[in-house]
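# Report on the structure
The chain contents come next:
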Amino acid sequence: MPEATLVEAINLALARAMEDDPDVVVLGEDVGVNGGVFRATAGLQKRFGAERVLDTPLAELLISGLCVGMAAQGLKPVGEIQFMGFIYPCLDQLVNHASRLRNRTQGRLTCPMVLRTPHGAGIRAPEHHSESTEAMLAHIPGLRVVMPSSPERAYGLLLAAIHDPDPVVFLEPTRLYRAAKGEVEDNGEALPLDVAFVLREGGDVTLIGWGAVLKETMAAADALSAEGIAAEVIDLATLKPYDEDTVLGSVAKTGRCVIVHEAARTGGFGAEIAADIAEHRLSSLLAPVTRVTGYDTVVPMARLEQYYMPSVERIMTAARKVCQFS
Amino acid sequence: MASRRVNQDLPVIARFEVRHRNYLAPDGSIQRPLPAFASDAKLLIALYRSMVLLRLFDRKAVALQRTGRLGTYAVSLGQEAVSVGIASAMRKEDVLLPSYRDNGALLWRGVKLEEILLFWGGDERGNRFSGPVHDFPFCVPVGSQAPHAAGVAYALKLRREPRVAVCLFGDGATSKGDVYEAMNFAGVHKLPLLFVVANNQWAISVPLRLQTACETLAQKAIAAGFVGEQVDGSDVVAMRAAAEEAIAAARDGKGPRFIEAVTYRLGDHTTSDDAARYRSAEEVQAHWKEEPVARLRAYLVAQKMWSKADEEQLAAECHERVEAAAERYLATAARRPESIFDHLYADLPEVYAAQRRELAGEHDA
C-alpha cells in the first residue's frame, strides 16, 4: 500500500469523493489555485474545475452559510476554514441553521455539508492559530464532530463525513498533517462514523484521546508497558455522537481511566466522558477518572506552547497514579 | 447628510446612480405609464385579494395570540405589497428564502394558512409546508439566510438550471455582515439571485437613521458590484414590476439585483412589542395615508375593475378561509414528546435513541 501523510490522505479523500459524486464541491479561502494553505486541496481545481473547487472571498461566515444553501439544494459542499481560530463567525450558521435545518423543516430540507478545519497547537503558528475548541461544537445537537489521528483514519473518516446525510465538522490535527505517515489505500472505502478505534489493547488502564494527542498517548502507552503497565488506548475519532459502548466496555475491563485532550480542561469533552463513566460504570472503577488536558489558559504562543500541551510525561504520571490508587 | 465632497481637482473614476420606481400614488392615481402586466385585471385583482387575505389573517393571528392560543406573531400590516408583489413575479421552481415577516410570499406560493399558524403556534410541522418543497422556512436570526440564498443560487448556476433564488429581509438586516458577505459573493459570481429589503423604517425600536448614514439602502448593492433599485414598497404594481425585471435578468444570466422596498410597518414589531414606546401616533397616522391595500383598491375602483359588492364578497370569503384555517390549526394535536428526536439526524445514533426511549417512558432492559 502506498504511504501518505495525513494531509495527503485528506487530499486523496477529497479527490476520490469529487470523482465519485459530481455533487461534491470544495470551497474556502485559497483552496483553488493555491491548493489550500496546508495543500489539503492541492491539484483539485485543476482536476475538477474552478466551479467545483472555488476560492471564496475572505469571509468565514459566508463559507459556512454557502454550505447550508448548497446542501439544501442537494449539493455536498465541503467547506474549509483555514484555521480553527477563524471558525467562530460560522457558529451562528452551525447552531442556528446547519444543525437544525432537518429538524425545523421536519425532514423537508437537509444539510449534508462538511466543514473542515485544522485543529490544535504545536506548529509554532501565529496567535489565534492553535486553539482546540471542539467541545463547543460537540455541544450542538444535530451536528457530528469528527477528528482523525492517522492518515488511514483521515481518509476513511473524511469520506464517511462527505457521504453522511447530516452536517459534519471535521477537525484535522494540524500537528500531524505532515508528521503522521502511514499506508493509505485509495479505495474509496469509508470508515464508520460514531465509532471509536481501539489502537492498543491492555488490561490495566484505559487511555482515551482524540486528534494529535494520540501521538503522545501512544508513546506513553509504550513507555508504560516497559514499567509493567498494560494500557488500552482508544482514539475517540467521533466526538459527537461518541462511542459510549467502546469507552464503557474498556473501563469495565480496566477499572482505570485517563482522558487526554489538548483543549482547556473546564467544560472540555473529557468532562462529558468522565461523567458518563461515573454514571454508568461507578462500580467498575478502581480509581478516580483522571484528565490530562491543556490548562485553563489562553493557548500560549510558540515559545511556551509545548508546556501547554499534554506531554508523554504528564500522561504517564497520571496513568501511574491511577494504577497505584489503593 | 454627511458631506460627500472630496478634493475637486482629482479626476472622477466612477459614477453610480440609484433610481426610484413608483406607478400608483397613495390615492391610487397613475404616476407614470403602467407596466404591461397591469392591463391584466385578473392579475391585479389576485394581488389585491392576497393582500386583503393577509391583512385579515394577521388580525386573526393577533386575536389568537392575545387569547393565549398562538405564540409571538409578526404582522405585515402596511407592507403587504412587498412580499406579495415579489412572490407574484416568481416561478414555482424558483427558491424563496423569507424572513419572519413574509407571510404574503408564503401564501402566494401555496403555503396554507393553518401551516403558518402551526409554526407560530410552536410546532415545527408548520415548516413542512405545502409550498414548493425547496423553499426555505422563515428565518428568525436576522439576515442569516442571505448566505444560504447565495449557496442556493450557486447550486442553481452550477447545474445550469434556469431558476432564481429570492431572499427577503428587513432594513435592520442590511447592517449585518451576513447580508453584505452574501451580496459580495453574488456579485463576484453573477448569481441568479434577487435580494429584497423591506425597508419599513424601524428595526424594532431603532429607526433607519441609526442603521445607516446612506441616502438609500439600494446603494448598498453598488459596493457589491450590481444594480440596486429603490421601489415604492407600498405600491404593489411597482413591487411586481421591479421583481419581474430583476428576476428575468437573473434568470437570463445577468447576475444578481437588489431591491429596496420603501414601506412602513404600521403595526408593532411583533405581538411582544409596543411600538408606542418609540414612535408617535402622528407618525404612524401619516403613513396610513400611503398603505398598499387602500392604494390598489382606489386604482381598481377608479378603473371600474372592482366594486363595493366585490369588496363585500371578498371580505366574507377571506373571513371564512381564515376562520376555517384557525379551526384546523386549533384542532391539530401536538406531536408525541419523543418526536423531538425524529428529525435530529437521518438515522438517530443509538446514544440519542436511548434518550428518546427515556422521554417516551420506555426503560432500557
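Computed from a predicted structure; not experimentally measured.

Cut-offs used in this document
- Residues numbered from 1 in each chain as written.
- Chains lettered and ligands numbered in written order.
- Predicted model: local features only at pLDDT ≥ 70, side-chain atom pairs only at ≥ 80, totals over all residues.
- Contact = placed C-beta atoms within 7 Å.
- Helix = DSSP H or I, 4+ residues; strand = E, 2+ residues; numbered from the N terminus.
- Nonpolar A, V, L, I, M, F, W, Y, C, P; charged D, E, K, R; others polar.
- Pairing = 2+ DSSP bridges.
- Axes fitted to C-alpha atoms, helices over the stretch in contact; angles between N-to-C directions.
- Expected span 1.5 Å × (residues − 1).
- Buried ≥ 20, exposed ≤ 12 C-beta atoms within 10 Å, placed from the backbone.
- UniProt positions renumbered as here; feature names shortened; annotations may be inferred.
- Core = buried A, V, L, I, M, F, W, Y, C linked by C-beta atoms within 7 Å.
- Domains from an automatic or database assignment.

### Describing the interface of chain B and chain A
- Contacts between the two partners involve 31 residues from chain B and, on the opposite side, 33 residues from chain A.
- Of all the secondary-structure elements, those providing two or more residues to the side of chain B that touches chain A are helix 5 (146–158), helix 6 (177–188) and helix 11 (350–359) of chain B.
- Of the residues contributing to the side of chain B that touches chain A, the split by class is 19 nonpolar, 7 polar and 5 charged.

### Section: the sheet that holds strand 13 (residues 257–264) of chain A
All names here are of chain A.
- A sheet is described by the order of its strands in space; here 5 strands give the open sequence 9-11-10-13-14, paired in mixed fashion. Each having just a single partner strand, strand 9 (197–200) and strand 14 (290–294) make up the two edges of the open sheet. Across the sheet, the mean angle from the axis of one strand to that of its neighbour is 25°, orientation sign disregarded.
- Where strand 10 (residues 205–209) meets strand 11 (residues 231–235), 5 bridges bridge the pair, whose relative direction is parallel. Residue pairing in the sheet places Gly-209 in a bridge with Asp-235 of strand 11.

### Some points on the sheet that holds strand 4 (residues 76–80) of chain A
Residue and element names in this part refer to chain A.
- Spatially, 3-2-4-5-7-6-12 is the arrangement adopted by the 7 strands of the open sheet, whose pairing is mixed. Since the sheet does not close on itself, it has two edges, and those belong to strand 3 (53–55) and strand 12 (238–240), each with one partner. Neighbour-to-neighbour, the strand axes of this sheet turn through a mean angle of 20°, independent of strand direction.
- Bridging between strand 5 (residues 114–119) and strand 7 (residues 168–173) involves 6 bridges; their strand directions are parallel. Within strand 7, the residue paired with Pro-118 across the bridge is Glu-172.
- The strands touched by helix 7 (residues 151–163) within the sheet are strand 2 (24–28), strand 4, strand 5, strand 6 (144–146) and strand 7, with strand 7 carrying the most contacts at an inclination of about 165°.

### Re helix 7 (residues 236–251) of chain B
Residue and element names in this part refer to chain B.
- Here helix 7 is 16 residues long and its end C-alpha atoms lie 22 Å apart, about the 22 Å a rise of 1.5 Å per residue gives.
- Along helix 7, the residues classified as buried are Val-236, Val-237, Ala-238, Met-239, Arg-240, Ala-241, Ala-242, Ala-243, Ala-246, Ile-247 and Ala-250.
- Phi for Gly-253, located one or two positions after helix 7, is positive at around 85°.

### Section: the UniProt feature "domain: Dehydrogenase E1 component" (unreviewed entry) in chain B
- The UniProt record annotates "domain: Dehydrogenase E1 component" (unreviewed entry) at residues 48–328 of chain B.
- Within the segment residues 48–328 of chain B, helix and strand shares are 44% and 11% respectively, and the terminal C-alpha atoms sit 25 Å apart.

### A short note on the environment of Val-37 of chain A
All names here are of chain A.
- Relative to the helices and strands, Val-37 resides in the loop between strand 2 and helix 2 (44–48).
- Along the backbone, Val-37 and Lys-76 are 39 residues apart, and their C-alpha atoms lie at a distance of 22 Å.
- Discounting residues that sit within four places of it in the chain, Val-37 has contacts with Asp-30 and Gln-82.

### Some thoughts on unusual backbone geometry
Residue and element names in this part refer to chain A.
- The omega torsion across Lys-240 and Pro-241 is -10°, close enough to zero to call that bond cis.
- Here Pro-241 lies in the loop between strand 12 and helix 9 (244–254).
- Unusually for a residue other than glycine, Arg-39 sits at a positive phi of about 70°.
- Of note, Arg-39 is situated in the loop between strand 2 and helix 2.
- C-beta crowding within 10 Å serves as the criterion here: with 16 such atoms nearby, Arg-39 is assigned to the partly exposed category.
- For Asp-194, which is not glycine, the phi dihedral falls at a positive 65°.
- Mapped onto the elements, Asp-194 comes out in the loop between strand 8 (181–183) and strand 9.

### Side note on the nonpolar core
- Membership of the largest hydrophobic core comes to 205 residues, with the highest contact counts inside it found for Ala-319 of chain A together with Val-166 and Leu-193 of chain B.
- In terms of residues, this core owes the most to one element, helix 7 of chain B, which gives 10 residues.
- Among residues more than four places away in sequence, those in contact with Ala-319 of chain A are Val-205, Leu-207, Ala-220, Leu-224, Ile-229, Ala-231 and Val-258 of chain A.

### So, the domain arrangement of chain A
All names here are of chain A.
- Under the domain assignment used here, chain A contains domain 1 (3–183) and domain 2 (197–324).
- Contributing elements (two or more residues each) for the side of domain 1 that touches domain 2: helix 6 (134–138), strand 6, helix 7 and strand 7.
- Here the side of domain 1 that touches domain 2 is built from residues that sort into 12 nonpolar, 7 polar and 7 charged.

### Some details on the pairing of strand 4 of chain A
All names here are of chain A.
- Most of strand 4 sits inside the fold, with 5 of its 5 residues counted as buried.
- In strand 4, alternate side chains face the same way, and those of Lys-76, Val-78 and Glu-80 on one face and Pro-77 and Gly-79 on the other are all buried.
- Strand direction decides the pairing type here: strand 2 and strand 4, joined by 5 bridges, are parallel. Bridge assignment links Leu-27 to a residue of strand 4, and that residue is Gly-79.
- Of the pairings in the sheet, the one linking strand 4 to strand 5 comprises 3 bridges and is parallel in character. Across the sheet, the residue bridging to Gly-79 is Leu-115, located in strand 5.

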